[in-house]
Amino acid sequence: MTETLELNQLIDGILLAQGNAFIKELLRDIEVKIGATKSDFLNNLNKAIDDKALTESILNKWLNEVEGWGNQHVYIYRVKDMVTEDRVWSNTESVKARAVDAGLGDKWDVSPSKVFPAERELVGIYYDKTSFRLVWYEGRTSLIRDKENDELNKKIGMDIYDLHAFRHVAKRTVTRFDWPRGSRYAAILMQTPWNKKNHRIIKEEVLDRVSKFIDPNRLQPINISEAVRQLDQETVTPTDAGAGFISEGARLESGGAYVDFGSTTDREYSRVAAVKEVRIAVPIDQFKGERGIFAVRSNKNFKISRKDLIRIELRGDLGWTKIRHMCSRKDIWNILSRIAEKASNV
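This section reports on the structure supplied with the text. (Residues numbered from 1 in each chain as written. Predicted model: local features only at pLDDT ≥ 70, side-chain atom pairs only at ≥ 80, totals over all residues. Heavy atoms only, no water.)

1. Concerning the overall build of the chain
Here is the rule we go by: Numbering of helices and strands runs from the N terminus; a helix is a DSSP stretch of H or I covering at least four residues, while a strand is a stretch of E covering at least two. Here the term buried applies to any residue with accessible area under 20% of the maximum for its type, exposed to any over 50%, and partly exposed to those in between, with areas from a 1.4 Å probe on protein chains only. We call two residues contacting when some pair of their heavy atoms lies within 4.5 Å. Using a 1.4 Å probe, accessible areas were evaluated by the Shrake-Rupley method; residue-level cover was limited to the displayed protein chains.
Helices and strands together make up the secondary structure of the chain, namely 10 helices and 13 strands. The proportion of buried residues among the 346 residues of the chain is 46%. In the chain, 65% of the contacts between residues at least 6 apart in sequence involve partners at least 24 apart. Summed over all atoms, the accessible surface of the chain reaches about 17,900 Å², with 47% contributed by carbon and sulfur.

And the structure:
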């Protein structure tokens, strides 16, 4: 199979699974006509591949920014200073050497665009100006109804058949360990739906591989409970005006009991004066944040590229953050860094 044909097949699945805004941005970047529908996008992307305007390297760079970001659960860690000071991180070759020593040299800087393992598998290890990251894929094929290719009243032998067409579309779920260059924070990001046992297994698998490069004891889970408490408190008594996080609901727990704050509409509960007064009266230092739902918007003090709001859920009792919308990598890390900064152990 030629590289061009492989990329054409990839367009059919992985690229079209991304949001329209992301696809439009890719077409803009390679200066290709955009079109109005996903059918237009598909035709224009395939033409760009045939014309060599869209190459594997361009595609890989784009996928790293948009594939598997959002619609996921995230476990955030603080990276202790002694790790960042390790000279191994001063250049790419020393990190590569560590991968080779760990028996993972075949995973180094692998092109991700054509990898579709049937079961979750570590497919690549990368260290560049963006981040240090390990990437796992789990590939699968879905069937999409395609009426345009139906064959009706088709005679086969002595019988007449109606053949209904389904197009095979390749998909994959992504799990990452991502440590942005220069950041105090790293994260495990997984698209696997919440299940306590499954998440535990995936975290153990990720940290086992990461241990070849970073001592897991140097990765400290951030206190999501404190982040819930502080972000919710900031909504009702703003200390960082326009910080970007609006609390739509919070559960605060103390001594085995809890209080819930929320709204029956898609807006922050503190807009209702009576409820806000009750929340302000809560002696917040006597509570911990069990869970919170926040809407995140871009403003002059908190920048994200997405025009629409991003809803996130924080579970202090479970230690994770859930990003409910597809986003770019940059937006995800703006949000995660803000959460981490509000935790007590930073």
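2. A short note on the pattern of salt bridges
What counts is decided by this rule: We count a salt bridge whenever a side-chain nitrogen from Lys or Arg sits within 4 Å of a carboxyl oxygen from Asp or Glu.
Within this structure, the stated rule accounts for 22 salt bridges. The partner of Arg98 in a salt bridge is Asp86, with the nearest N and O atoms 3.9 Å apart. Here Arg98 is found in helix α6 (residues 92-101), whereas its partner Asp86 is found in the loop between α5 (81-84) and α6, with 12 residues between them in sequence. We note a salt bridge from Glu234 to Lys342, for which the minimum N-O separation is 2.9 Å. You can see Glu234 sitting in helix α8 (residues 224-236) and its partner Lys342 sitting in helix α10 (residues 329-342), a full 108 residues away along the chain. Each member of the pair, Glu234 as well as Lys342, carries the same accessibility label: buried.

3. Some details on the environment of Asp150
Relative to the helices and strands, Asp150 is located in the loop between β3 (131-145) and β4 (151-156). Between the alpha carbons of Asp150 and Asp162 there is a distance of 7.6 Å; along the sequence they are 12 residues apart. Leaving out residues up to four positions away in the same chain, Asp150 has contacts with Arg145, Leu163, His164 and Ala165.

4. Comments concerning the side chain of Thr235
We count it as follows: Whenever two N or O atoms come within 3.5 Å, that pair is a polar contact, provided that in protein one can donate a hydrogen and the other can accept it, and provided that, for residues adjacent in sequence, both atoms are side-chain atoms.
Following the sequence through the fold, Thr235 ends up in helix α8. For Thr235, a relative accessible area of 11% translates into the label buried. Among the polar contacts made by the side chain of Thr235, one reaches the main-chain amide nitrogen of Ser247 at a distance of 3.2 Å. In contact with Thr235, other than residues within four places in its own chain, are Phe245, Ile246, Ser247 and Ser270.

5. Considerations on the packing of α8 against helix α9 (residues 273-280)
Here is the rule we go by: Between N-to-C directions, angles span 0 to 180 degrees; the directions come from axes that are lines fitted to C-alpha atoms, helices contributing only their stretch in contact. Oblique is the label for any angle not under 35 degrees, not over 145, and not in the 65 to 115 range, which are roughly parallel, roughly antiparallel and roughly perpendicular in turn. In this scheme the handedness of a crossing depends on how the near helix is turned from the far one: anticlockwise by less than a right angle means left-handed, clockwise means right-handed.
Two elements in contact, α8 and α9, have axes whose closest approach is 10 Å; the angle formed by their N-to-C orientations is 130°. Of the possible angle classes, the one that applies to α8 and α9 is oblique. Seen from above, α8 lies across α9 with left-handed handedness. Packed against α8, whose contacting residues are Arg229, Asp232, Gln233 and Val236, the element α9 presents Lys276, Arg279 and Ile280 at the interface.

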